[in-house]
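# Residue-level structural notes
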Amino acid sequence: MKMPSKSPKKTKNPTPLTEAFEPASIERNDHEALRRYVANRLLYTIGKDPKTATKADWYAALARLARDKQIENWIETTRQQYGQKVKRVYYLSMEFLVGRALTNSLMAIDLYDELATALAEGGIDLEEAREEEPDPGLGNGGLGRLAACFLDSMATTGLPSFGYGIRYDYGMFAQSIHDGYQVEQPDDWLKLGNPWEFPRPQVTFPIKFGGWVEHDPERGALWHEAEKVMATAYDMIVPGYHTKTINTMRLWHARAAESLDLTLFSQGNYMQAVASKNQSENVTRVLYPDDSSYQGRELRLRQEYFFVSASLQDIVRRYLHNHENFSELSDQVAIHLNDTHPAIAVPELMRILVDDHKMSWNSAWAQCCKVFSYTNHTLMPEALETWPVAMMRSVLPRHLEIIFEINKRFLDWVRTHHGEDHDLLRRVSLIDETGERRVRMAYMCVLASHKVNGVSKLHSQLLVDTIFADFAKLFPGRFINITNGITPRRWLANANRPLSALIDKSIGTDWRKNLGELSKLKKFADKPAFLKEFAAAKLTNKQRLADWVKTHGGVDIDPNAMLDVQVKRFHEYKRQLLNVLHIVHRYNQMVANPDKDWTPRTFLFSGKAASAYRMAKLIIKLINDVARKVNAEPALRDRMKVVFVPNYSVSAAEMIMPAANLSEQISTAGTEASGTGNMKLAINGALTIGTMDGANVEIHEQVGDDNIFIFGHRTEEVAKIKAAGYDPARYYEENPDLRLVIDQIGGGFWSPDDAGRFRPIADSLLRQDTYLLLADFADYVATQEKVDALYRDQDAWNRKAVINVSGMGIFSSDRTILEYADKIWDVKPLKV
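Residues numbered from 1 in each chain as written. Predicted model: local features only at pLDDT ≥ 70, side-chain atom pairs only at ≥ 80, totals over all residues. Heavy atoms only, no water.

Let us now look at the overall build of the protein. The helix and strand tally for the protein stands at 34 helices and 22 strands. For 832 residues, the compact-globule formula gives about 28 Å, and the C-alpha radius of gyration of the protein, at 28 Å, lands near that figure. Overall size of the protein, expressed as C-alpha extent along the three principal axes, is 90 × 80 × 60 Å. Relative to its 832 residues, the protein shows a buried fraction of 63%. A separation of at least 24 residues holds for 75% of the contacts in the protein among residues at least 6 apart in sequence. When the accessible area of the protein is evaluated, it comes to approximately 32000 Å², of which 50% is carbon and sulfur surface. Averaging the locations of the 103 positively and 107 negatively charged side chains of the protein gives two centres separated by 3 Å. (Helix = DSSP H or I, 4+ residues; strand = E, 2+ residues; numbered from the N terminus. Rg over C-alpha atoms; globule rule 2.2 N^0.38 Å. Buried < 20%, exposed > 50% of the residue type's maximum accessible area, 1.4 Å probe, protein only. Contact = heavy atoms within 4.5 Å. Areas by Shrake-Rupley, 256 points an atom, 1.4 Å probe, with all protein chains shown as cover. Lys, Arg positive; Asp, Glu negative; His and termini not counted. Charge placed at Lys NZ, Arg CZ, Asp CG, Glu CD.)

For the rest of this paragraph, the subject is the domain arrangement of the protein. Examined at the domain level, the protein breaks down into domain 1 (28-84 + 104-134), domain 2 (85-99 + 135-484 + 818-824) and domain 3 (488-810). If you average the C-alpha positions of domain 1 and of domain 2, the two centres end up 34 Å apart. Listed by partner, the interface residues are 22 residues for domain 1 and 28 residues for domain 2. When domain 1 packs against domain 2, close to 2400 Å² is buried across both sides, 56% of that on carbon and sulfur atoms. Contact with domain 2 buries surface across domain 1, with W74, Q81 and Y82 losing the most and accounting together for 33% of the total. The tally of links between domain 1 and domain 2 comes to 0 salt bridges. Our enumeration of links across domain 1 and domain 2 arrives at 15 residue pairs in polar contact (both at pLDDT 80 or more). Elements with a contribution of two residues or more to the side of domain 1 that touches domain 2: α2 (55-83) and α3 (102-108). The biggest single contributor to the side of domain 1 that touches domain 2 is α2, with 14 residues. Among the residues forming the side of domain 1 that touches domain 2, the class breakdown is 9 nonpolar, 9 polar and 4 charged. (Domains from an automatic or database assignment. Buried area = accessible area lost by both parts, 1.4 Å probe. Salt bridge = Lys/Arg side-chain N within 4 Å of Asp/Glu carboxyl O. Polar contact = N/O pair within 3.5 Å; in protein donor to acceptor, adjacent residues only side chain to side chain. Nonpolar A, V, L, I, M, F, W, Y, C, P; charged D, E, K, R; others polar.)

Here we come to unusual backbone geometry. Here R637, not a glycine, exhibits a phi torsion of approximately 50°, which is positive. Within the secondary structure, R637 is located in the loop between α24 (614-631) and β19 (640-645). Here the phi dihedral of L772 falls at roughly 55°; this positive angle occurs in a residue that is not glycine.

Turning next to empty space enclosed by the protein. Tallying each qualifying case throughout the model produces 10 cavities of 30 Å³ or more. Within this model, the largest cavity holds a volume of roughly 360 Å³. Around the largest cavity sit 26 residues that line it, and V98, G99, A101, I237 and R490 are the ones nearest its centre. Elements represented by at least two residues in the lining of the largest cavity include exactly α3, α6 (142-156) and β8 (227-239). Counted by class, the lining of the largest cavity contains 15 nonpolar, 6 polar and 5 charged residues. (1 Å grid on protein atoms, 1.4 Å probe; cavity = no way out; pocket = protein on both sides within 12 Å on 5 of 7 lines; lining within 4 Å. Points joined across faces, edges and corners; volume = space filled by probe spheres on them.)

Before going further, it helps to spend a moment on the packing of helix α12 (residues 345-356) against helix α15 (residues 397-418). Look at α12 against α15: their axes get within 9 Å of each other, and the N-to-C directions meet at 95°. Taken together, the axis directions place α12 and α15 in an arrangement best described as roughly perpendicular. Contacts from V346, P347, E348, M350, R351 and D355 of α12 reach α15 at R398, H399, I402, I403 and I406. Among the residues forming the contact of α12 with α15, the class breakdown is 6 nonpolar, 1 polar and 4 charged. (Axes fitted to C-alpha atoms, helices over the stretch in contact; angles between N-to-C directions. Parallel < 35°, antiparallel > 145°, perpendicular 65-115°, else oblique.)

The structure is reproduced here in structure tokens:
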């Protein structure tokens, strides 16, 4: 794509969009035809008069234009995949954090600049119209965004694929900040409709819950359900970049099998008449219901089974379109489990093959083990999903029977090959027998998958060394590494147009499909003219963000100050609190030495805490209380600001990341699987301050010691500290600066209206400090001083930033997906 693209010769008297009602071909891209087509969509599809249309109406019309431009290729892609009987990847994920689609779609077909010019001639601003698009509420954080990047790359590389998920009525929640506290509100992303989706009411499957299982000698297991919910498909197109391949994301929405009890309604019992409908449709009401209650946890299990069952029924239906039996299932189908949320797919496929299609157990299990693969996304045992046996018996009785049978046969195999090692049997059993009996979903994924991958070199090694050590010994060769990646189309070309234009001018445009081309930028790191333009692009992005923050948050931030960014889901292991400890320390130092030549810095946070996660929410409150005091402190003379941007989203990230100077990737070593925010920030020219954790290790390999700020204890050191009996109070006693910081937080300095508000934070740090904040504090502060010193030399800083951008080629999701295709799925790209 050329940016800016060369526009065809402008018409002398362009037709105003308010008068453009004559037919226009979807094939033509001249300005007159584009204006007419948009106006026609507005009139005939949206039903609005162009003279009175709102920006939202224009956005809806533009979405139809972008969609229409791609439908023929979408149909042709599907036709050729069917015609050539290619093997497909079916990617199952609870989340797809896709972000806004309009700009991405227009850039994919190289139409953005042409359309922007054509609309401007007709009096419409494309930039303003695209701001009307809501972020789809289909995901929460890195897991969902990774899945979205993967779909983009599957289409761009021509990989035959389907993404399967849930069409949530509401996203996780819309976050607002009231008096510094996080407040959750419904994320009604569908309130104005979704112009990108295609309802498929003819593609509907029954999903059963509860009831009991009858075992008939002739007919086998018969599941008599207590409840039935219908799953209806909604399709969204996934365009490849500058290719005719367009894949599909299919989302399932719940509707009641019986919408209305007419008898009850006629009797005047209106609420009871629709109670069943409401209960059924709750399954897809909201992403990640609050799991602090039994009802919330059960709803989560229902959600997982709902989308998995619908997806597998759809996969089997599609397979049987061209096959009479299942002997070739693994030759045609690769099912990938994105984390443990879709793990119930294992017993569900067994149920379909054994119960519905009468395959033998051994044949069905053999096919399952060839079809499934699994990506693990966490090293923390407490984060590995498990379900109470009692709950599963109530919700999915037949699946619990199948899980028990899988486990029995597996443990028999272990005994045969490794003897009666009771401790080993206890450790690897799919059923955790300690306390409340629970089904270990991650273990089931590992057992049923022919390949299991981690998402960074460090993470993959730790998988086989720690949480899956027994399985790695039982199944050597099953575990591999595939490091995560990001799509350069959205995270550089789309999000950072000033920098993209400079890169295009310097090395050409091929980097969008071959990110390794960025390595050519390294030779420009010492060219003053390039560095000047690089700095100008960064300043443009920072000014845009500063304007946005002023408009939406009322805080003035200096675009020339260093922008220090930590944007991600709030969790204690990600250590936003360590960042706060440094801010408080910095505040103390600046107040004590106001005349020192301090490097101006703006600390920006954004991210959501799970609604039931009290400590994470308290840390958000602390950040906002610190911000209130810091931003009003006269002694700082605006040399330090703290900003919390509410309701973090893909769109917010696309604005924040291009503006960032410093990327905070400070999780405790050995806790972050990979991270992709670290990649997104680095590719946009931010330097990383981080621990040797997750993909930070590989970023460090690519950019070198001199171009990244590494601090903190390494993974093996963390393990030794904990094994020796970690005492956080010792660090508190030995470091007076740290002691002052903790005392201020716990003693009410930052909360004079409620002196005990943050005492739980101080107590947690001093009594347990699970993630070793106090142990890493001194090194973190010292490293931040190195950051300050470097930023004072802007040429040196920008040289290192350019080297970071040039080293990001390996972190393309295109590379990641081609590795999955080669090492796991055995699926070949198909050129349409």
